[in-house]
Structure formats: structure tokens, C-alpha cells
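Descriptive structure summary
If you want the building blocks of each chain, they are given just below.
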Amino acid sequence: MLNMNNEEALAVIFANSYDALIPEMVSERLMASIPFAGRYRLCDFLISSMVHSGIDNISLIVKKNYHSLMDHLGSGKEWDLHRKRDGLFILPPFVTRDNTGVYRGTVDAIRSVMGYIRRSAQKYVILTGSHTLYNTTYDKMLRQHIETGADITIMYNEEHEFNRAEQYDDLRLTINENGRITDLALNPYMPDSPFMGCDAYIMEKTLLEYLVEDAAAHGEFDFMQDVLIKNVNKYRFCGWKYNGYVARLNSVDAFYKHNLALLQPAVQQDLFNSAHPIYTKVKDEVPANYCGSGSARNSVIADGCIIEGEVENSVLFRGVHVGKGAKVKNCILMQATYIGDNSELSYMVLDKGVIVLNGRRLSGHENYPVILRKGVTV
């Protein structure tokens, strides 16, 4: 754990705010609990990065479909967050005189938990979404925030490739030679800056409270548009650059691409940096079992899998069964999926518990992977 005064910052994660990006995968879960990389959930990367920064007051604001998240996080033991003071909190909607229990936007979501934020002992708050993955620590970002006297610091990285089909909440930063942000643009038609926000922000609690209450008083509900962009020239905004691998899961294509990117050693070593490992819920399952002529090449195979067929260039989550003579290539198979004998799959994303019967042929395309919803039988 790094040397960061854990009384300096608390962390708040928006667990539901990007559910619309991958509707096929959030009918029974929320964005923060979408599985990734064989045995993890998206929230594992954010929470682990916060824990390695010495942050021990972490909360997730949830709106709906959060039962799978509660089951995954439990008491927070795997992240050393089961404690008497501070720890890990899931904050569901609740009705008060000022809050209807239905969030109209991220401003409403923050405002509904402002009592919790106000009571916390920490001075600063780190806000993040849940669809952007990276493996870093926030202590250097917070140190820069304090040393520069910034009002708000935004994490960003450089993205020189532009794909309009995947553009969603694409926050572009214009930064001068002093590191100060002079302009913010949301989903620009032709981005003139390679600096792209990583959906992570630091500011003082008191400033957050003022900005949120001011936005609500003017009938404004979107944190990015109505708080950040509106105030970029009023307050001192600074950027903190992250140079590692960043995965933005803003579509099924992006989910597919970034899972398969783990087959590249450089990406795998970056996202699973041994200096600050990614923690997740522990499940005591047997190692993967290769039966008969079962084989796997260039693939991520989680524990509990039974491989009787051929697997290539794929990511298999826990408890996947690939039957005799089956061929799985360029696929993402989530927990407890079953592939029948002599079936062939390519460029497919199978959600949890999907059953593919014997002899089926299912195929998407490299640029258009096909997804099957949770529990479907084909």
C-alpha cells in the first residue's frame, strides 16, 4: 500500500450511470458488476486502485439491479474494507423530503448521498464512473491536485484513434503548457485534442456540495455538462495524465475488443500490474480440467472450466464447459456457459449461463461480435 494519508480522500463510484452503453448485459445487473477478464468485475479494478492508494472510505451509488453487486462485494473483505470505521458502502436510492428516490442524472445521484459525503472525515472526494478500466493509484493525482492549488483535477490519457461509433461521453480536454484545462468538449464531431477524460475527478467536498446544489437549484442534472463544462472557465481545472492502458467499455464491440486485448502480454501486464494487484471475490473452485483431446491456445481460461474440445484466442470465465469436438475461436464465454458437443462458435459473446446445444454453428464477425443474453438456450 502506498503512503497516502487515508484521511485526505474518500471515493464515490457511479455504479449505474453508464448502463445504457451495453443494455444487453445489464438487464439483471449494473455496469459496475459486468464480468471482465475471466474472473473479475468492472468495479474490482476501481476499488483495488483506490485501496492501493490508501483510500479506505469507498462508496458505490446504485440505482437498480444491484443485487449481483451486493453478492460480489459482500462485506468488502477481499479488499480489506470490512472495518468499524469507514469501509465499503453500497448506497441505494432512498426517499426524503428533497429526494424522490428516482435519479434524473448524476447530479441527483450525488445530491442524494451528500449527507454521507458531508459526514465523512476526509477533505477531498474522488468521483469515478464504472465503465472505464485502468490499473493505477490516485495518490500522485491527489498530490498534484493539492500542490497546484487546483479546484478540480481530471484524469486523462492520450487517444489518437477516433471511432465515432463508440463515441459516448467522450470528454476532450484542451490543456495549456501549465497543465491547466482551458476548455472541455463533450462528444465533439471532430475532436481537436487527443486528451480524453478517464471519468475520474478530484475536488474538495465543500466545492462539490456547492456545485451540486447550484446545479440542482437551476434544474440541471448532468454532472459532466452542468457542473464540469459549465464551470471550466470559472474555476481552476487541471489535468493529470495517465500513461497506462485504458479500456472504455462503451459498447459490446469495446467489451469484446478489450477482453481479447488481454491475450497481448503487454496489456495483461499493465492491467494486472503485480505492484498493485486486482482483488476480487474469492471462489474456491478446482483448476481448469482438459479432458481427452481438449486443448486451448492463446486464451484466458478461468478455474472450474472443463475443456473437451478446442479453444483458441478466447476468454473463458469460471465454470465453462466446452464439449467434445466443439470448436471455440475468438469468443468471450462467461460463467457457467455450456457448449455442446461438435458445436462451432466464432466471434461470439455469451453471457452467464448460456447453453449451446450439440451441433450448433454460431458466428459473428470480427467487427460485429454477436452477443447472447444471460440464460439463453440455443
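As shown above, the structure is provided for reference.
Anyway, here's the lowdown on the structure attached to this text. Just so it is clear, the model here is predicted, and its values are computed rather than measured.

Thresholds applied
- Residues numbered from 1 in each chain as written.
- Predicted model: local features only at pLDDT ≥ 70, side-chain atom pairs only at ≥ 80, totals over all residues.
- Heavy atoms only, no water.
- Helix = DSSP H or I, 4+ residues; strand = E, 2+ residues; numbered from the N terminus.
- Rg over C-alpha atoms; globule rule 2.2 N^0.38 Å.
- Buried < 20%, exposed > 50% of the residue type's maximum accessible area, 1.4 Å probe, protein only.
- Contact = heavy atoms within 4.5 Å.
- Areas by Shrake-Rupley, 256 points an atom, 1.4 Å probe, with all protein chains shown as cover.
- Lys, Arg positive; Asp, Glu negative; His and termini not counted.
- Charge placed at Lys NZ, Arg CZ, Asp CG, Glu CD.
- Pairing = 2+ DSSP bridges.
- Disulfide = S-S within 2.5 Å.
- Arc of directions from axis to C-beta.
- Axes fitted to C-alpha atoms, helices over the stretch in contact; angles between N-to-C directions.
- Parallel < 35°, antiparallel > 145°, perpendicular 65-115°, else oblique.
- Left-handed = near helix turned anticlockwise from the far one by under 90°.
- Nonpolar A, V, L, I, M, F, W, Y, C, P; charged D, E, K, R; others polar.
- Core = buried A, V, L, I, M, F, W, Y, C linked by side-chain atoms within 4.5 Å.
- 1 Å grid on protein atoms, 1.4 Å probe; cavity = no way out; pocket = protein on both sides within 12 Å on 5 of 7 lines; lining within 4 Å.
- Points joined across faces, edges and corners; volume = space filled by probe spheres on them.

So, about the overall build of the protein chain. In terms of regular secondary structure, the protein chain is built from nine helices and 28 strands. In summary, the protein chain has a C-alpha radius of gyration of 21 Å against a globular reference of 21 Å for 378 residues, a match within 12%. Overall, the C-alpha framework of the protein chain stretches about 65 × 50 × 40 Å when taken along its three principal axes. A burial count over the protein chain gives 54% of its 378 residues as buried. Intrachain contacts of the protein chain at a sequence separation of at least 6 include 58% that bridge at least 24 residues. As displayed, the protein chain has an accessible area near 16,400 Å², and 48% of this comes from carbon and sulfur atoms. When the 39 basic and 45 acidic side-chain charges of the protein chain are each reduced to a single mean position, those positions are 4 Å apart.

Within strand S12 (residues 237–241), four of the five residues are buried, which leaves it mostly tucked inside the rest of the structure. Note that strand S8 (residues 152–158) and S12 share five bridges and pair parallel. Within S12, the position partnered with Met155 by the bridge is Trp240.

Reading across from one edge, S16-S19-S22-S25-S28 is the order of the five strands in this open sheet, with parallel pairing throughout. Every other strand in the sheet has two partners, leaving strand S16 (300–301) and strand S28 (370–372) as the edge strands with one partner each. Two strands pair when backbone bridges link them, and strand S19 (residues 315–316) and strand S22 (residues 332–333) are joined in this way by two bridges, in the parallel orientation. Bridge assignment links Leu316 to a residue of S22, and that residue is Leu333.

Ordered by their spatial adjacency, five strands build an open sheet running S14-S17-S20-S23-S26, and the pairing between neighbours is parallel. If you trace the sheet from one side to the other, it starts and ends with strand S14 (289–290) and strand S26 (355–356), each paired once. Relative to S26, strand S23 (residues 338–339) runs parallel, the two sharing two bridges. Paired with Ile339 across the two strands is Val356, which belongs to S26.

Let us now look at the state of the cysteines. A complete count under the given rule lists zero disulfides for this structure. Counting only cysteine sulfurs, Cys238 is the nearest neighbor of Cys198, a cysteine outside any disulfide, at a range of 16 Å. Judged by its relative accessible area of 1%, Cys198 is buried. Of the cysteine sulfurs around Cys305, a residue in no disulfide, the closest is that of Cys291, at 11 Å.

Taken together, the buried positions of helix H5 (residues 139–148) are Asp139, Met141, Leu142 and His145. Angular distribution of buried residues about the axis of H5 spans 165°; they occupy a single face of the element. The exposed residues of H5 that point more than 90 degrees off its buried face are Lys140 and Glu147. Elements that come into contact with the buried residues of H5 comprise strand S1 (9–14), strand S6 (124–128), S8, strand S11 (195–204) and S12.

Two numbers describe how helix H6 (residues 205–217) lies on helix H7 (residues 223–231): the axes approach to 10 Å, and their chain directions differ by 115°. The angle between H6 and H7 places the two elements in the roughly perpendicular class. By crossing handedness, the relation of H6 to H7 is classed as right-handed. When H6 is examined against H7, the residues Leu208, Leu211, Asp214 and Ala215 are found in contact with a partner set consisting of Phe223, Asp226, Val227, Lys230 and Asn231. By residue class, the composition of the contact of H6 with H7 is five nonpolar, one polar and three charged.

Here we take up the nonpolar core. Ranked by internal contacts, the top residues of the largest apolar core, which has 70 residues, are Phe36, Leu127, Leu208, Phe223 and Phe255. Among the elements that take part in this core, H6 stands out by supplying five residues, more than any other. Within the second largest apolar cluster, 33 residues are counted, among which are Ala15, Leu30, Met50 and Trp240.

Bringing the layout of surface pockets into the picture now. The calculated volume of the second largest pocket comes to roughly 530 Å³. Every residue lining the second largest pocket is counted, 27 residues in all, and those nearest its centre are Asn16, Ser17, Tyr18, Gly105 and Thr106. Elements with a minimum of two residues in the lining of the second largest pocket: helix H3 (106–112), S11 and H7. When residues in the lining of the second largest pocket are grouped by element, the largest group, three residues, is from H7.

Attention shifts here to empty space enclosed by the protein. Applying the stated criterion across every chain yields a total of one cavity of 30 Å³ or more. Along the wall of the largest cavity there are 14 residues; nearest its centre are His131, Asp169, Gly197, Asp199 and Arg248. Ranked by residues supplied to the lining of the largest cavity, first place goes to S11 with five residues. Partitioned by chemical class, the residues of the lining of the largest cavity number seven nonpolar, four polar and three charged.

What follows covers the pairing of S1. With respect to burial, S1 is a largely interior element, six of its six residues being buried. The two faces of S1 match: Ala9, Ala11 and Ile13 on one face and Leu10, Val12 and Phe14 on the other face are all buried. Bridging between S1 and S6 involves five bridges; their strand directions are parallel. By the bridge assignment for S6, Val12 is matched with Leu127. Alignment of S1 against strand S4 (residues 57–61), held across four bridges, turns out to be parallel. Bridge pairing in S4 links Ile13 to Leu60.

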